[in-house]
Every structure is written in C-alpha cells, then in structure tokens.
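Now for the letters of each chain:
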Amino acid sequence: MRRRGGRTTWAAALIALCAVLSFARPASAQGNVTAVPPLFLSAAEVGQIISQAVQEAQARGRPATIAVVDRVGNVLGVFRMNGAPVELRITTNRNIPAGNGLEQVETVLAALSTTLGVVNGAPTTDLSAIAKAVTGAYLSSSGNAFSTRTASQIVQENFNPLEFRAPGGPLFGVQFSQLPCSDFNRRATAAFDGADPANPLGRPGPKRSPLGLSADPGGIPLYKGGFVVGGLGVESDGIYTIDRIINDIDTSDDELIAVAGAAGFDAPVDVRANRIAVAGKTLRYIDRDRTDRNNPLASNPAAAPAFAAIDGVLGGRVGVRDYFSTGAVIVPAPALRDGTPYGDPTSGYAPDPTGEVSTFGPAIVLRDPTNLANNAFTPRAGTGPPGGLALTANESATILVNALKVAFGGRAQIRRPQNSFIQVTVSVVDVNGVILAMARTPDAPIFGTDVSLQKARTALFFSRVDAAAQLAAFNSPVASTVLVPPQPVGNNALGVPIGFYANIAQAFIQPSVFTDGTAWSTRGVGLIDRPFFPDGVDGEPHGPFSRPFQLWSPFNVGLQLDLVLDNIAQHLIFLRTGAAVETPMNCTYLPLIGPLGISQLANGMQPFAGGFPIYRNGVLIGGIGISGDGIDQDDMVGFLGLHNGGVALGTGVGHAAFAIRDDQLSPRGARLRYVNCPFQPNAGGNEQNVCRGK
Amino acid sequence: MKLRLLFLLLATAAFLPGLAAPAHAGKEQINQAANDGEEALLSDSEAQRRAAPGRPARDARRPTPTDNPGAVPPAPPNLPREFIPVPDRWRLADAIGVVTSTIDPYKQNMLKGDRPIFGKDWFVNLSLISDTVIEPRRVPTPVPFASSQFNIANDQFSRSNQLLINENLIGSFSLIKGNTAFKPPDFELRISPVFNYNRLEVDEVGLTDANPAKGKVRNDSHLGIAELFVDYHIHNVSERYDFESIRLGVQPFNADFRGFLFQDSQLGARLFGNRFNNKIQYNVAWFRRLDKDTNSGINDITRRVRDDDIFIANVFLQDLFTLGYTPQFTVIHNRNRENDRFFYDDNDFLQRPNSFGDERLRKYNVTYIGWNGDGHFGRVNLTHSVYGAIGKDYNSNFTGREADIRAFFAAFEPSIDFDWIRVRGSFLYASGDEDPLDDTEGGFSAIFENPQFAGADTSYWIRQGIPFIGGGGVALTQRNGVLAELRSSKEHGQSNFNNPGIALIGGGADFDILPELRFSTNVNYLMFADTSNLEFLRNQGEISNRIGWDISGAATYRPFNNQNIVFRLSGAMLLADEGFKRLYSTEDEDQSIFYSVLGNLILTY
C-alpha cells in the first residue's frame, strides 16, 4: 500500500508531519496560564447549582445539605433540604473508639456540652458540606481538577489506599489545613476577624474551613470557561468519612448529587484527576459521571426548577455562623451571594502590584485586607533572631523570587497538559514564624497558600533547639480549665500529653533529637509522622509523631491533630451553641513567641514534603515552604529556591550544613530523607539530579 | 483406560501440591534477579536436544540450521527426543567389549539411557547441570520514597551498580519405555527439579525488598520444578513413524522459533504429532500457568495456579514455499481472569494488577495470530515472526473502561555465512499504543517472552530489566525481554497493551575463531514506537522515542568441543540517546554508561 503512493504520498506525509509537529502542543494550554480571567459564580448561578443538586437528591430519595463556595472559600450558599440529616457523624468506619482524634468526636462533644451545660456542641452536616465544597475549590486549578475523592486517595496510610507496602499518601496530613484556628486563613465575618465592615464577605483572602479539607466523596470543583470559580459540597448521609476501598466503582449519593449540581460548571475532562498520574498512579476524581455509558443520575439537571421555586419549599437556606451569616446573625439565613473573582483584589488574590516579586514571572500575591491596593506580604526583614542574623527584606525577596523562578521553569507533576510549568505558593518566615514574604504563580491551587506557610513553619519549628521544650509547654485552656474534670497542663482535651511526642521521638531516633538543632525538612518530619515506620511498611510500628495503626486514621493522625484538636473543638462548640468565645486566630496552645505573640505553628503543623529551615552561617533564621504541585516539585522549588537565592545573595544564607540534616539519622535502620527532587524537572530539558550535592 | 489412568497420575502430581498449599503470601518487584534459572535450564535442555543425532530438523538438504550463537537455541518442541541410531546396541556393544560405566556419560551408561534399566525397553536417563551466572551491571536505580542508603540523596536516581550471582542446579530424571532407536518412545516420565540460589547486591535500599529497612543485599533460594510430565505415544500414523503423542504436565514450550511470544515451562496438556514424513508437524495445547518463584523465576508449585489459560494450535509446514524454509502458522488465545485479588511477590511489590494507572483489577482476552518462519533462501538464512494481537481488556488501566486490543509485532533476522563468519541483521517492531486515553490498546505485549534475537541475553536492553522509575511499579522492559511492555514483571504480571512498543534495528556477526571458541558481536539501535503512554504515566511531555545504541560482544568457550563445559563471557553497554536520558540518570556521573557483564559457566553431566 505504501509503495503505491510513491513520491507524492511521501511529500504529503512530510508536510502533514510538519503540520502535526508544529500544532501538536498548543502553547495556549490552560495548565500554563499566566493570567486568570476574573470569572466568578453569580448568585443566580449558585441558585441553579443548588437547584440541580436538590433535584437529584430528591430523585434519589436522599435529602441533602448542599454548600457552594467560591474559589477562595467564601460561602455563597448553604441549603438544607427538608428531611436531610442535621447531625454529623465523623468516622472512618474502622471501629476506632471515640476519644481518638476526630473519630466520633460528636459523641465527645455532645457529652462535653452536657457537662458544660450548653446545648449539644456536636458538628452538623452544613459544616461537612462547606468543608467538601472548600476542598473541591481549593485543590483545583485550570490545570488540575481534584475532588474530595482525590483527597481521600492521597491522605491515607498507603498510596494507593490499602496497597500493601506502598508509602503513605503524597499529601498526607493536608486534611488538617485551612484550619478554623488559622492565623492566616481569613474569617468571613468582621465580628470574628477584626473590623472590615465594608466588605460583605468579610476580609478578602482565603477562608478557613470548619473541618479542614475533606476526604469524603461529595465535594467537587466548579468551573467556568476552564477556570475554577468555586466548589460544591454535598452531605446526604450525615457521615463524614473517607473512601478506603478505591478499587471498586462507588455509587455515592453525595457524589452523584454533586455531579448533578455541577452540570454546566463541570471540570474540563482533560484536567480531571483521573488523567493525572502521580508516581504512575492515576488519581480518582469521581467514580461515576453523567457522561458514562450508563448515566447514573436519577434526574436531568437541565430540567431543574428555578432556585426561587425550591427555596422554602423543598428546604431552605441555612445560616452558618461566620461562614454564611449576616455578621453573627444566622437567622434568617442570608440570600445567595456572588462569588469573588480570583485575581481580583476583592478575592484577596491579585497580581503583584509593584512587580517586586515578579522578577521571573507574573506572580500573584495576597492583597492587604486593609488596603487592597497593596501586597499583604511585601518582602520584609525578619523579627529574629537577634544580632543582625535575621533575614533582611532583600534576602526574603531574593529567596522568594528564586523559588518562583524554579517554579516557572519547572515541569509540573499534577497539571495537564504535560510540561505545564509548576504552579505553587511560596512562603518565607522568620525564626518566630512571622511571614516575611509570600507569593504564588498565577494559577496555583488555593490550598497551597496556607499549606506552604504550614510547611515553612513546621520545618522551622522542628529544627529549633527548643522544639521539644515547646511541645512540653503546650497549655490548652480548653483542656486545663474548661474541661470538667480538667486535664493536667500539657495535655490536650482528649488527654494526650503533647510533650510526650518529643519523648517518644527521642527514644525512637536518638535522645538529643529536637534539642540538638538537627535540620528537619517537612519530608523528614513526615517520615516519622506515618503510622508505619518506614513509611508504608505495613505491620511495622508507628512513627513517633503518629499513632498505633489500630487507632490511626486520617481523623486521628497523632501530633499534627492533637496540637489543634482543642481549637477545632472550640470552634465546633462555637458554631453549634453560639458560644461567645471563638477559638483564637492562633492554632495550637504552644507558647506564644515573637513580636506577634503567636504560637510557632499558628496555622497548624503540616507533615509532607516542601518545607525547609533557613540558616545563616549555621544559625537557624527562618523557614521556607512550598505547596501546590507534586511533592517532589514542591520540594525542588523550596530546595533550589533557597539554595539559588543564597548563592545569589552571598550573605551566608542557605540550607543547613550536610552534617546536621535529618538524612543523617537512620532510626531503626531506615535513613530519613531531606529532599527528593523530581526526575527531569525542567520541561524540555535533559537535566537530571538537579539537587545533587546541594 | 490407560490414558485416563495417566491423566489421573498427572493430575495428582501436578495439581495437588498447588491446591493443597494455601495461597502463598509472596510478592515481588521489578526484579533484576528473576529468571536466570529458567533461562539457563531451557538453554541447556535445548542444547542437549540439538546434540542428539538423527534429529529430523537436520534435513540433509539443508545446510546447518540457523544457529544463534551465544543464545538459547530455539525450541521446536514437537520433535521426538534422543533417538539412538543403532538398535540393540548394548548387546552389540557387549559383544565387542565396550566398557560400561555409570560415571562417564561417554561410556555406555545405564543412567544415560544406553541400556535398559529393567525389562527389554525401559530406560532411565539422568542428568545434572550446574549453571552459574555472575553478572555485574548498572541499571537505573530509584531512591525509594521512604528512605535511602546514602545521606544527601537529594534526587530520584541513586547509584546504579548491581551484582547478581545466580546458581541453578538442575537435575533431570527420565523414565522411558521404548525402542529408543528409530521409533519414538512409547512412554516417558520426566521430572526435573531445580535448586536455585541467588544473591543480589545493589547500591540502594528499597530495591531488593519493598521494605527499605531490609537493606541492599538479598539472598534467596528456591527448590522448584522445571519439568514434570508424562508423555504418551498414542500411535504411529505411518511406516516412517509419523506419530501422535500427548504430553501432560509441566513441560517446556516455545510458541515460535525465537521465543517472542511464549516460551516457558508450564503446566499443560499438549497433543502433538507429525505427518507426511515429518513434513507437517503440529501442536494443540492448553496451558494453565503456574506462578513463579519471584527471585529465581522457577515454577513454584506451592502457589495457587494462576487463573490464566493459554490455548495454542499451530502447524509447521516444511518446505512450503521453497525447499529449506519452514513456516509455522499459529493461533494462540490467552484468557486472563486474574481480577479477583491483589497479588504481591516475595519482595512485597504489587504484581497484579500492574501497579500503575487506576490500579483496578483487570481481566482480558487476547488472541494472537502468527506466521513464523525459519529456513533459508539460497545462501540467505531467514528467521521471522509476525504476530497480530486482537482482544479485549475489560478494564483499561488508564481510562477505567473496556478497551479493544489491536497490536502487532514483526521480527526478521536474515543472516549469511562466509566460511567461519556469520553476518546477521536484526529487525524488530512491536507496535506501541498511540493514545493512552482512547478505547484502543495498541501496544504489543507477549505472554512470556524469552527472545533469542539480536544478541539475546548478551544485549543490554534484552538482558536487563529496567524499572520505570517515576511511572509506577512497573518495568519499562523485562529481564530477558525485548518488548517495552510496562508490566510489573514477566514472572507474575499480566500482559499490558498500554505500552510504548519498540523498534530495533541491528546487526551482528559471529566468528568461529577456534573450534572451541566463538566470538559474537551485536550492535542494535532501539527506539520506542510511541512514547505517549510513557508521557502520560510520568506526566512528562516530549519524551523522545530514541532509546540509544546497545553494543555487545560475547565469547563462548567450549574447551572439550562439547556441551559438558561451556563458559561464556559477555559484555554490553547502552549508549543512551535523548529518550532514555529524559527517563533515567544515575546519581554518580561517573556511572553514566549503563553496562551489563555476564559470566556464565555451565557444567553438564
């Protein structure tokens, strides 16, 4: 056949080949966006989404609570159908008794409320719906659409879940980010977050989530024109859980109601999690879709009635204190709201106004809530350590832009199309945990804003010589004064002695650890924070920051949760009972330090890769944290960003000396890791091993 | 009645141990050490067969058949074995005073089937083979997620030196009833146990075992079964002893001349025979696969028998188009139903399903239709294989949907002899999947390949298994395999038709320098057929399809001009091109050339 064509065919083939080669990879691919158009969900669209979801829930006979948020976590509507469950059970269904982290925390809180003489303080289904919606919105971008099902796959003890001997999920611990006690994530209502009455959605910026990020299917992102505009969360069964068995195809009511709700705002098929491979494993997005050969939906979303026709009929809007309220007022519930457009200052995220951190690419920064024209975290000098060792403003800026440079030049792992550049948030903190600089690539997922800061602070905290002492000084007023009977000082409300974690680590690793100035990356911290050590080796004992596996779950992870459990409990009681006292904007009850008087882990600890301590001539002076892409990419951006920034500065700033890094430690014969940079990290290049010898 | 009894006997022998043992909890990885025993065993038994006089394939009209030096010879498995050309020679020999011995295989030997062991026509044949492999090599090595051997291991790629030591001790016992002269035996029972010891030393942890705390050295041993069958001669169909036989049990089989699709020793039932003065030979077979021992690659009859069936029908037509050329036409159906549970190997690595993509359990049906040939056209020798694969994958790992399998394969090896030099060309193409996200799987995947082609185990690419670092718990290419199949392993894994395919163009020459010494060389250039699957799994765009040059040489020394002592030393290196460099590196720049050295000593009694 080929012969017959002769010369003409070959010429034609050559021309066709050239054409294919030149057009095969369009440069305008969305994974590489450098500017996000100001798209947002209107209140009417929020209504349409809720109505579509309600129709499906009704058709399935599963009345549900439904929440819609915008990309930065502002709650645009919460709707509870008549007959929908109100009480929320939190369980991984592994028969872990109440009193272990958040497992069945509702029973603990209910009992506590009785003791305290207040109404039931247990969590409700609206919180689950909000957490799921926030998760869908926060984990996604125009290059990747992740759902709560995706989250479930990447936070468990193995990746994939239940795959014997596979290391833990790559985003192990991310469920405890966007915490209600965060000093960084904003609160929606001025009454609970300083004063900014001018803004109806509260102070602009990424909002917190009442339960952190969710791993319970039923939360998905919402898109317009290929860009994330928000998230949708559904809770119909009243059980806040995870999906442990991922080898089957679930027919999940929550998820299918969300699929119906999102109709018309669906994630582009090509960027969905199931087309994104991490270590060769594709991620789960939704198990069943309305475009499947057998449409699993029980209703036709296009035929959904107007929102006005169901509001007050099939159910109604419900107020949620601070999240979806008028000031502090939840009754009557507010009307549905417009979302804020990401990239517009009203969202809190907008382009770098002065260009000071856009040296190597168009950075997006968080705008100052008190003056939206300004960068909230314009690079500044550190508040410590004393003696002229603190980072200068120029040093903060140089480290930050060098990290962003690595991102702009790097190859993303979790974005489509292939060879999109890395999209992350970079945070730089001083030795007290104060933010010195923060900026992001244009389309980095929102969750990484908070998580990058968590990582910077986590690496910093555990590298301090007083880390063990600070843990021992944990002092929760919830545990020691509110509880009846009170817990001893040092324990959290569930009776876990926080300082004990350091003691266990010292026994496990070496007696001096967390007092000897070992430089801990968050990757290193993560390896001793897994329910098996070495990570993923089922049957081995747990790492010192974790819990015995029979008690471990993503709702009971050990130190990371135990540090903030009291804050979460306070918040849940605050939401349910209308208690006057909200948890402070300062997570953990560790000692308050530095000029801001915050705890060193004021937005919570985060034990997965992407955070490093910063040194000047051997003295610990701060931390850098990266989040938003694959963990090896996060690692590389932080690692090379600091290294290159330090080299450029020539002021002695840089990484820890080899001799004090955590990869000098080999507890139980398994050496820890400090950093793991990705294979062929730069799009189009041949370069490998870019972090070698650094 | 007799047949039924035999079947029962066999069933007891072969099936019972498998059923009685509980599901083995063993597991494995992309494993460098696997399969040495298997290969050596086949190689030796083939060599024995080749040495047998009176082999019908050595048609007087043909020159010396294609002989691929330094490699395992092909296994035309349907031919009768060990003819002894002189009837009653033991009595004759007695008369002329031949000395018998039970030690020396070259004297008349009761243990070697030279004289009946009892009765008039019951013979015993014993053999013992020691096959020793010492193999220093460099293979791309990942730093594991959870640990590392060295501090300051900051990247994906670790140091890549490895050393494999593998020893197979293979015994073979045959009980044969028959005349052993021109007439095929009436009955044979053969048992070939193998004892294997293997040791793998690598530079990095997490490779010899999924648990990085287990270190970087693994010692393992295994006692397994290479052959366990009864062969019953049903009847002769002509005066020239054209015959029909049935063979039941664990038996070697090669689906084509060069082991491209299925060459293994597996549990099965095979009816075979010939017609028209051996001009036509045929096989009808059913194999149900045994699982392997992970690190030795030898059949492990203590594991549950795999839910994987292979149905084979083939026919060889000698001199079909021209004298001296034997085409073989074959239809092979592989039905895999291993979708009931996860399977881990002895080293705790997930093997089934393949550890990548959606990692959901899967089953598949695939039918291979093949035209293979071996022979010569004038002075030019030619061996070739052409296969089409058609089937259905019930859960494509990249889409989660059903997919059609549509793949093909072609390999040609022309060669020509100039006195003591043979010059060879090697051309091979296995189709690659063009789009991981569509509903067609276009990558060619074999059942159990063991190719004797393009240098075979002398070549780097064919000899070494290379883990697909960063793309899942699969290997880019298997040990003793030429395809880039992206499967967990040859020994335990399922076929995978979502793969990049492979193209090989090469040439080589064999030099018979001395009667005792042969030197062979090979130069191959390798390319992927289509890298889109690799790009998808690593989420890495623009991976070039150029793998690189594979350059190798081997010396085979037979000090006594026989197969009793064979020493082989070979070396190969891969000069990586663009595509390979985008996939792999090594921590130490001084180790940038990946090589493989193979020292092999085979002693046979």
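What you see is a predicted model, and the numbers here were worked out from it, not measured in a lab.

A. Focus on the overall build of chain B. Looking only at helices and strands, one finds six helices and 23 strands in chain B. Counting over 605 residues, chain B shows a buried share of 56%. Partitioning the contacts of chain B with sequence separation of at least 6, the portion at a separation of at least 24 is 67%.

B. Local environment of the overall build of chain A. Across its full length, chain A holds 16 helices and 19 strands. Here the C-alpha radius of gyration of chain A, 24 Å, is about what a compact globule of 694 residues would show, namely 26 Å. Dimensions of chain A, computed from the C-alpha atoms along their principal axes, are close to 80 × 70 × 55 Å. Here chain A holds 694 residues, and the buried ones make up 65% of them. Pairs at least 24 apart in sequence give 71% of the contacts found in chain A among residues at least 6 apart.

C. Looking closely at the pairing of strand E1 (residues 65-70) of chain A. Residues and elements named next belong to chain A. Burial runs high along E1: six of the six residues are buried. A two-sided burial pattern is seen for E1, the buried positions comprising Thr 65, Ala 67 and Val 69 on one face and Ile 66, Val 68 and Asp 70 on the other. Counted between consecutive antiparallel strands, the loop separating E1 from strand E2 (residues 75-81) contains four residues, among which Gly 73 sits at a positive phi close to 95°. Two strands pair when backbone bridges link them, and E1 and strand E5 (residues 227-235) are joined in this way by six bridges, in the antiparallel orientation. Residue Val 68 lies in a different strand from E5, and its bridge partner there is Leu 232.

D. Broad picture of the interface of chain B and chain A. Contacts between the two partners involve 46 residues from chain B, matched on the other side by 48 residues from chain A. Elements with a minimum of two residues in the side of chain B that touches chain A: helix H5 (532-538) and helix H6 (578-583) of chain B. Top contributing element to the side of chain B that touches chain A by residue count: H5(B), with three residues.

E. Quick peek at the pairing of strand E14 (residues 403-418) of chain B. All names here are of chain B. Looking at chain direction, strand E13 (residues 380-393) and E14 are connected through 14 bridges and run antiparallel. Residue pairing for E14: Val 380 is matched across the bridge by Ile 416. Pairing between E14 and strand E15 (residues 421-430): eight bridges, direction antiparallel. Paired with Ser 415 across the bridge in E15 is Arg 424. Here E14 folds back onto E15, and the loop between the two strands holds two residues, one of which, Asp 419, carries a positive phi near 55°.

F. Layout of the nonpolar core. Among the nonpolar cores identified, the biggest contains 298 residues, and Ala53(A), Ile130(A) and Leu400(A) are the most heavily contacted of them. Residues within four places of Ala53(A) in sequence aside, it is in contact with Ile66(A), Leu232(A), Val234(A), Ile257(A), Ala258(A), Ala260(A) and Gly261(A). With seven residues, the next largest nonpolar core counts Val133(B), Leu164(B), Val205(B) and Leu207(B) among its residues.

G. Main features of the packing of helix H8 (residues 393-409) of chain A against helix H16 (residues 631-649) of chain A. Residue and element names in this part refer to chain A. Running from amino to carboxyl end, H8 crosses H16 at an angle of 130°, the nearest separation of the two axes being 7 Å. As far as their axial angle goes, H16 and H8 are oblique. When you trace H8 past H16, the crossing you get is right-handed. The residues of H16 that touch H8, namely those facing Glu 395, Thr 398, Ile 399, Asn 402, Ala 403, Val 406 and Ala 407, are Met 636, Val 637, Gly 638, Leu 640, Gly 641, Leu 642, Asn 644, Gly 645, Ala 648 and Leu 649. Of the residues assigned to the contact of H8 with H16, the class counts are 10 nonpolar, six polar and one charged.

H. Seen up close, helix H6 (residues 253-261) of chain A. Residue and element names in this part refer to chain A. Buried residues dominate H6, accounting for nine of its nine residues. All of the buried residues in H6 are Asp 253, Asp 254, Glu 255, Leu 256, Ile 257, Ala 258, Val 259, Ala 260 and Gly 261. Next to the buried residues of H6 lie helix H2 (43-60), E1, helix H5 (148-153), strand E4 (219-224) and E5.

I. Layout of the sheet that holds E1(A). All names here are of chain A. Strand order in the open sheet formed by five strands is E4-E5-E1-E2-E9, with antiparallel pairing between adjacent strands. Each end of this open sheet is capped by a strand with a single partner; those strands are E4 and strand E9 (315-317). When the angles between neighbouring strand axes are averaged without regard to direction, this sheet yields 20°. One ladder, built from five bridges, connects E1 with E2; its direction is antiparallel. The partner of Ala 67 across the bridge, within E2, is Val 78. This element, helix H4 (residues 125-139), spans E1, E2, E4 and E5 of the sheet and lies at about 155° to E5. Docked against the sheet, H6 engages E1, E4 and E5, running at close to 140° with respect to E5.

J. Here's a closer look at the confidence of the model for chain A. Looking at chain A as a whole, its pLDDT mean stands at 92, while 94% of the residues score no less than 70. Counted against residues more than four places away or in other chains, residues 1-29 of chain A, with its pLDDT under 50, gives three contacts.

K. Geometry of the environment of Phe276(B). Residues and elements named next belong to chain B. Of note, Phe 276 is situated in the loop between strand E6 (263-275) and strand E7 (280-288). The class for Phe 276 is partly exposed, based on 13 C-beta atoms found within 10 Å. Note: C-alpha distance between Phe 276 and Met 110 (166 residues apart in sequence) is 34 Å.

L. Fine view of the domain arrangement of chain A. Residue and element names in this part refer to chain A. Annotation of chain A at the domain level lists domain 1 (43-88 + 123-317), domain 2 (356-464 + 608-669) and domain 3 (467-516 + 530-599). Centre-to-centre, using C-alpha coordinates, domain 2 lies 25 Å away from domain 3. Taken together, the contact pairs 11 residues of domain 2 with 11 residues of domain 3. Tallied by class, residues from the side of domain 2 that touches domain 3 come to five nonpolar, four polar and two charged.

M. Examining the packing of H2(A) against H6(A) more closely. Residue and element names in this part refer to chain A. Viewed as axis vectors pointing N to C, H2 and H6 meet at an angle of 140°, and their least axial separation amounts to 7 Å. The orientation of H2 relative to H6 falls into the category oblique. The interaxial crossing formed by H2 with H6 has right-handed handedness. For the pair H2 and H6, contact is made by Ile 49, Ile 50, Gln 52, Ala 53, Gln 55, Glu 56, Ala 57 and Arg 60 and by Asp 253, Leu 256, Ile 257, Ala 258, Ala 260 and Gly 261, respectively. Across the contact of H2 with H6, the residue classes break down as eight nonpolar, three polar and three charged.

N. Expanded view of the confidence of the model for chain B. Residue and element names in this part refer to chain B. In the predicted model, chain B carries a mean pLDDT of 86, and the fraction of residues at 70 or more is 83%. This model gives residues 57-61 a pLDDT under 50, and the stretch forms six contacts once residues within four places in sequence are excluded. Between residues 80-86, whose pLDDT stays under 50, and residues either more than four places distant or in other chains, the model counts 18 contacts.

O. Expanded view of unusual backbone geometry. A cis geometry characterises the amide bond from Phe533(A) onward to Pro534(A), with omega recorded as 0°. Residue position: Pro534(A) is located in the loop between helix H13 (522-527) and helix H14 (559-562). In this structure, Pro353(B) follows Arg352(B) across a cis peptide bond, with omega equal to -5°. One non-glycine residue with positive phi stands out, namely Asn95(A), at about 60°. When you line up the elements, Asn95(A) lands in the loop between strand E3 (89-90) and helix H3 (105-116).

P. Main features of the environment of Arg165(A). Within the element layout of this structure, Arg165(A) appears in the loop between H5 and E4. Between the C-alpha atom of Arg165(A) and that of Val537(A), which follows or precedes it by 372 residues, the distance is 4.7 Å. Residues within four places of Arg165(A) in sequence aside, it is in contact with Gly536(A), Val537(A), Asp538(A), Ala210(B), Asn211(B) and Asp348(B).

What counts, and where the lines are drawn
Residues numbered from 1 in each chain as written. Chains lettered and ligands numbered in written order. Predicted model: local features only at pLDDT ≥ 70, side-chain atom pairs only at ≥ 80, totals over all residues. Helix = DSSP H or I, 4+ residues; strand = E, 2+ residues; numbered from the N terminus. Buried ≥ 20, exposed ≤ 12 C-beta atoms within 10 Å, placed from the backbone. Contact = placed C-beta atoms within 7 Å. Rg over C-alpha atoms; globule rule 2.2 N^0.38 Å. Pairing = 2+ DSSP bridges. Core = buried A, V, L, I, M, F, W, Y, C linked by C-beta atoms within 7 Å. Axes fitted to C-alpha atoms, helices over the stretch in contact; angles between N-to-C directions. Parallel < 35°, antiparallel > 145°, perpendicular 65-115°, else oblique. Left-handed = near helix turned anticlockwise from the far one by under 90°. Nonpolar A, V, L, I, M, F, W, Y, C, P; charged D, E, K, R; others polar. pLDDT = per-residue confidence, 0-100. Domains from an automatic or database assignment.

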